[in-house]
Amino acid sequence: MATLTRSRAAWPLLAISGLSLVVAWVLASPVGASPDEAEHIAYAWATVTGQTMGGEHIVSVPTKVAVNGRVVAAPGDHTMVTQVRMPQRLLQYPAPICYEFNAAQPTSSCLPIPPDTQQLVTQTSVMSRYPPMFYVVEGVALRAATAVDLSGPRVLYAARLAAGLMSWLAVAFGVLLLARRFPAPVVLLATLLGLPAMAWFLAASVNSTGFEAASAFLAAA
């Protein structure tokens, strides 16, 4: 009876553990810290507002590189990007160039977060013609949080939480499938090995890579 009780307790504990990891990563990592997160945010807004469905506005711009903590254009080098019109509210996060590749740099010392001007601005995203499923969900989260007049940072954290929940649900379904055939310790080990900290970090940010990792776990299961 004790063994059966422990076995049954393993599943809710595993679910709570995964959900706690999602929330922890959502809050611990500054918005913009995951690879190209700012551009994923722009693409999500473009997807849900129809700016990528009927033909994306793709333009050529000078490639930008980081030099001594500043973003500059690389001479003679250009990149194709998607232009997006989005609320300036969605730009309210510390500039990643301020702290990237320097883990000891506190974000509080970065440039002031730009205020919300209630205006639309033009941003660019290196994404183009990406599969829309993830970006539709993220875009809906952005629009819903904006519609209820949340502040810019809270809108962005809401989108992160939505991304994390998507990945968590994919993993939970995978665990459910594995539990039909394997004992709890084996499933726990497979989950811990298959989804290390980096997977949860990406899953809890506006970045489709995290959801792809969770989906790969589900497909394997």
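Residue positions within a chain follow its written sequence, with the count starting from 1. Side-chain atom pairs in this predicted model are given and counted only at pLDDT of 80 or more, local residue features only at pLDDT of at least 70, and totals for whole chains, interfaces and linings cover all residues. Side-chain descriptors were evaluated using all non-hydrogen atoms of the structure, hydrogens and water having been removed beforehand.

Trainee: Which residues make up the overall build of the protein, and what values do they have?
Mentor: In this description a helix means any DSSP run of H or I spanning at least four residues, a strand means any run of E spanning at least two, and both kinds are numbered starting from the N terminus. Looking only at helices and strands, the protein features seven helices and three strands. Written out in order from the N terminus, the α and β elements of the protein read α-α-β-β-β-α-α-α-α-α. Burial classification: accessible surface area is computed with a 1.4 Å probe over protein chains only, and a residue below 20% of its type maximum counts as buried, one above 50% as exposed, and the rest as partly exposed. Buried residues in the protein amount to 36% of all 221 residues. Contacts are assigned to residue pairs that have any heavy atoms within 4.5 Å of one another. Sequence-distant contacts in the protein: of pairs separated by 6 or more residues, those separated by 24 or more amount to 75%. For the protein, the exposed area adds up to about 12,300 Å²; of that, 65% sits on carbon and sulfur atoms. Computed with the Shrake-Rupley method and a 1.4 Å probe, the accessible areas treat only the protein chains shown as cover for residues.

Trainee: Requested: an account of the packing of helix α2 (residues 37-48) against helix α3 (residues 132-147), with residues and values cited.
Mentor: Between N-to-C directions, angles span 0 to 180 degrees; the directions come from axes that are lines fitted to C-alpha atoms, helices contributing only their stretch in contact. Close contact between α2 and α3 brings their axes to 7 Å; oriented N to C, the two are set at 85°. With respect to each other, α2 and α3 are oriented roughly perpendicular. Two secondary-structure elements touch here, α2 through His40, Ile41, Tyr43, Ala44, Trp45, Thr47 and Val48 and α3 through Pro132, Tyr135, Val136, Glu138, Gly139, Val140, Leu142, Arg143 and Thr146. Here the contact of α2 with α3 is composed, by residue class, of 10 nonpolar, four polar and two charged. Just so you know how the angles are binned, under 35 degrees is roughly parallel, over 145 roughly antiparallel, 65 to 115 roughly perpendicular, and the rest oblique. Each residue gets one label: Ala, Val, Leu, Ile, Met, Phe, Trp, Tyr, Cys and Pro are nonpolar, Asp, Glu, Lys and Arg are charged, and the others, such as Gly, are polar.

Trainee: Please provide a residue-by-residue account of the nonpolar core, values included.
Mentor: Throughout, nonpolar core names a set of buried Ala, Val, Leu, Ile, Met, Phe, Trp, Tyr and Cys residues whose side chains join them through atoms within 4.5 Å. Among the nonpolar cores identified, the biggest contains 38 residues, and Ile41, Met86, Leu90, Leu142, Leu156 and Val171 are the most heavily contacted of them. When contributions to this core are tallied by element, the ones reaching two or more residues are α1 (2-28), α2, β2 (70-87), α3, α4 (152-179), α6 (197-203) and α7 (208-220). When residues in this core are grouped by element, the largest group, nine residues, is from α4.

Trainee: So what's going on with the packing of aromatic side chains? Residues and values would help.
Mentor: Two numbers describe a pair of aromatic rings. These are the distance of the centres and the angle of the planes. Side-chain rings of Phe, Tyr and Trp, where Trp is taken by its six-membered ring, are said to pair if the distance between their centres is within 6.5 Å; with planes under 30 degrees apart they count as stacked, over 60 as edge-to-face, and otherwise as tilted. Overall, the coordinates contain six aromatic pairs when judged by the stated rule. Plain terms: the ring middles of Tyr130 and Tyr135 are 6.0 Å apart, the flat faces sit at 70° to each other, and that makes the pair edge-to-face. Measuring from centroid to centroid gives 5.2 Å for Phe134 and Tyr135, while their planes differ by 90°, and the two rings are edge-to-face. The same class applies to Phe134 as to Tyr135, namely buried. An aromatic cluster of three or more residues is present, and its members are Tyr43, Tyr130, Phe134, Tyr135 and Phe211.

Trainee: Tell me about the state of the cysteines, and please be specific about residues and values.
Mentor: Here, two cysteine sulfur atoms that lie within 2.5 Å of each other are counted as a disulfide. Using the criterion set out here, one finds one disulfide in the structure. Sulfur-sulfur distance for the disulfide between Cys98 and Cys110 comes to 2.2 Å. Where Cys98 bonds to Cys110 through sulfur, the torsion about that S-S bond is close to -90°, and the disulfide is left-handed. Residue Cys98 is found in the loop between β2 and β3 (120-125), and its partner Cys110 is found in the loop between β2 and β3; the two are separated by 12 residues along the sequence. We classify Cys98 as partly exposed; its relative accessible area is 24%.

Trainee: Before we move on, can you summarise α3 with the specific residues and values?
Mentor: Its 16 residues place the ends of α3 21 Å apart at the C-alpha level, agreeing with the 22 Å of an ideal helix rising 1.5 Å per residue. Within α3, burial applies to Phe134, Tyr135, Glu138, Gly139, Ala141, Leu142, Ala145 and Thr146. For α3, the buried positions fall inside an angular range of 155° around the axis, keeping them on one side. In α3, the exposed positions angled more than 90 degrees off the buried face are occupied by Met133 and Ala147. Structurally, α3 contributes buried residues whose contacts are with α2, α4 and α7. Asp149, located one to two residues past α3, shows a positive phi value of around 65°. To estimate how far a helix should extend, the number of its residues minus one is multiplied by 1.5 Å. The arc in question is formed by the directions pointing from the helix axis toward the C-beta atoms.

Trainee: Which residues make up the side chain of Ser34, and what values go with them?
Mentor: Mapped onto the fold, Ser34 is located in the loop between α1 and α2. Excluding its chain neighbours within four sequence positions, the residues that come into contact with Ser34 are Phe201, Leu202, Ser205 and Asn207.

Trainee: So what's going on with α7? Which residues, and what values?
Mentor: With 13 residues, α7 extends 18 Å between its outermost C-alpha atoms, agreeing within 8% with the 18 Å of an ideal straight helix rising 1.5 Å per residue. All of the buried residues in α7 are Ser208, Gly210, Phe211, Ala214 and Phe217. Tucked into the core, α7 has its buried residues touching α2, α3, α4, α5 (184-194) and α6.

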